[in-house]
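# Summary of the model geometry
Residue-level listing of the chains:
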Amino acid sequence: EVCEEMVRLGAVWLKTLHQDQSFHHKAHRLPNHTDDEYKAILRNGRKHNIRCAMHATLVTGFKKGVDLGYHTLEHTPIDAVIPDRYVDKFTESDVAIVPTIRIFGDFLIARELLKLIETRGKEYLTPEALGQTTRSVKKILAVEDGDLSVELWNSLRVDPLYFKDMFPNVIKNVEKLKSAGAKIGIGTDSGGSPFALFGFYGDELKYVASVGISNFETLRMATAKNANILNMQDRIGTIEKGKWADLIAIEGDPLAD
């Protein structure tokens, strides 16, 4: 019923999630759909010719999305390295992944982001949003500095120490998938954390390049491959006559005085 209502309202994708636990060293268990419910979402997608995405931040979610045949997996498993068998199964299928490396890596630069918020936050955020964001980031830094009680630390939805400790798994998984020839797109998950309000799309490109992907291939992933993942390759993604364009050619430097 929910899928049908979403389609009626104009949805062009159906997205669900699979996540067994919270992002915490003392993780809280989280509920998931049954396999029948996940399959029902896929059936509704096929019925309306709509692709289906799965939020999958843990290896169990990655496996579930691949086994069931979801079109895209959003995020990269952070809790462990993906087993070879599932890397091969993913690569052999038509599944794509958008790793959103930056959303995990932001926890490595929390102090720099707090400085940005405190010095330039008023340029980007309303007073209420600025206050909420500042408090969230300071709480995260309090965990790192040991200034938060154990009770409050255990109650956090997101544990910054977990993200920092597990981040190498994110990099290893992207490297592993790329080496196997997997279909990978680029996105930031902007809005998905207290840090993500600013987008920082350029940082995502840098993270992608840092795993050994060439600048040319990174650009191709951000354009042509993204367009293919979105099923919009007939309209965007490459420079061709008749396609939508946000590309212009001018003389001189547009940023020069």
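Coordinates for the structure precede this section.
A brief report on the enclosed structure follows. (Residues numbered from 1 in each chain as written. Predicted model: local features only at pLDDT ≥ 70, side-chain atom pairs only at ≥ 80, totals over all residues. Heavy atoms only, no water.)

## Focus on the overall build of the chain
Just so we agree on the cut-off: For helices the rule is a DSSP run of H or I covering at least 4 residues; for strands it is a run of E covering at least 2, with both sets numbered from the N terminus onward. Only C-alpha atoms enter the radius of gyration; for comparison, a globular chain is expected to reach 2.2 Å times N to the power 0.38, where N is the number of residues. Buried, partly exposed and exposed residues are distinguished by accessible area as a fraction of the type maximum, computed with a 1.4 Å probe on protein chains only: under 20%, between the cut-offs, and over 50%, respectively. Should any heavy atoms of two residues lie within 4.5 Å, those residues are counted as being in contact. Per-residue accessibility takes into account occlusion by the displayed protein chains alone, with areas from the Shrake-Rupley method and a 1.4 Å probe. Lys and Arg are tallied as positive, Asp and Glu as negative. Neither His nor the chain termini are counted. Here the site of a charge means atom NZ of a Lys, CZ of an Arg, CG of an Asp or CD of a Glu.
A count of helices and strands for the chain gives 11 helices and 5 strands. The C-alpha atoms of the chain give 20 Å as radius of gyration, which agrees with the globular expectation for 257 residues (18 Å, within 12%). Projected onto its principal axes, the C-alpha positions of the chain cover 60 × 55 × 40 Å. Taken over 257 residues, the chain has a buried fraction of 43%. For the chain, restricting intrachain contacts to residue pairs at least 6 apart in sequence, the fraction spanning at least 24 positions comes to 62%. As displayed, the chain has an accessible area near 14,500 Å², and 54% of this comes from carbon and sulfur atoms. Of the charged side chains in the chain, 33 are positive and 36 negative, and the gap between their average positions amounts to 3 Å.

## Concerning the pattern of salt bridges
Quick note on the threshold: Throughout this description, the term salt bridge denotes a Lys or Arg side-chain nitrogen within 4 Å of a carboxyl oxygen of Asp or Glu.
A full pass over the atoms with the stated rule returns 18 salt bridges. Note that Arg8 is salt-bridged to Glu5, the shortest N-O span being 2.8 Å. Here Arg8 pairs with Glu5, and both are found in helix 1 (residues 2-8), just 3 residues apart, close to one helical turn. The exposure class assigned to Arg8 is exposed, which follows from its relative accessible area of 59%. Classification of Glu5 by relative accessible area gives partly exposed; the value is 35%. Where Lys178 meets Glu217, a salt bridge forms, and the shortest distance between an N and an O atom there is 3.3 Å.

## A short note on the pairing of strand 1 (residues 13-18)
If a strand is regular, its side chains alternate between the two faces of the sheet. Worth spelling out the cut-off: At least two DSSP bridges between two strands are required for those strands to pair.
What you see with strand 1 is a clean split: Leu14, Thr16 and His18 sit on the buried side and Trp13, Lys15 and Leu17 on the side with no burial. Across 6 bridges, the pairing between strand 1 and strand 2 (residues 51-56) is parallel. When the bridges of strand 2 are listed, Trp13 appears paired with Arg51.

## A short note on the nonpolar core
Here is the rule we go by: Definition of nonpolar core: a set of buried residues of the types Ala, Val, Leu, Ile, Met, Phe, Trp, Tyr and Cys, connected through side-chain atoms within 4.5 Å.
Membership of the largest hydrophobic core comes to 47 residues, with the highest contact counts inside it found for Phe62, Ile78, Phe90 and Leu177. No other element matches the 8 residues that helix 9 (residues 160-180) contributes to this core. Setting aside its immediate chain neighbours within four residues, Leu177 contacts Phe62, Ile82, Val87, Phe90, Ile97, Ala182 and Ile184.

## Quick look at the environment of His55
Selection criterion: Side-chain atoms alone can form a polar contact between residues adjacent in sequence; in general such a contact is a pair of N or O atoms within 3.5 Å, and within protein one must be able to donate a hydrogen while the other accepts it.
Summarising the element assignment, His55 is placed in strand 2. In this structure the C-alpha to C-alpha distance between His55 and Asn154, which are 99 residues apart in sequence, comes to 24 Å. Setting aside residues up to four positions removed in sequence, His55 forms contacts with Lys15, Thr16, Leu17, His18, Gln19, Glu74 and His75. Of note is the side chain of His55, whose polar atom sits 2.8 Å from the side chain of Gln19.

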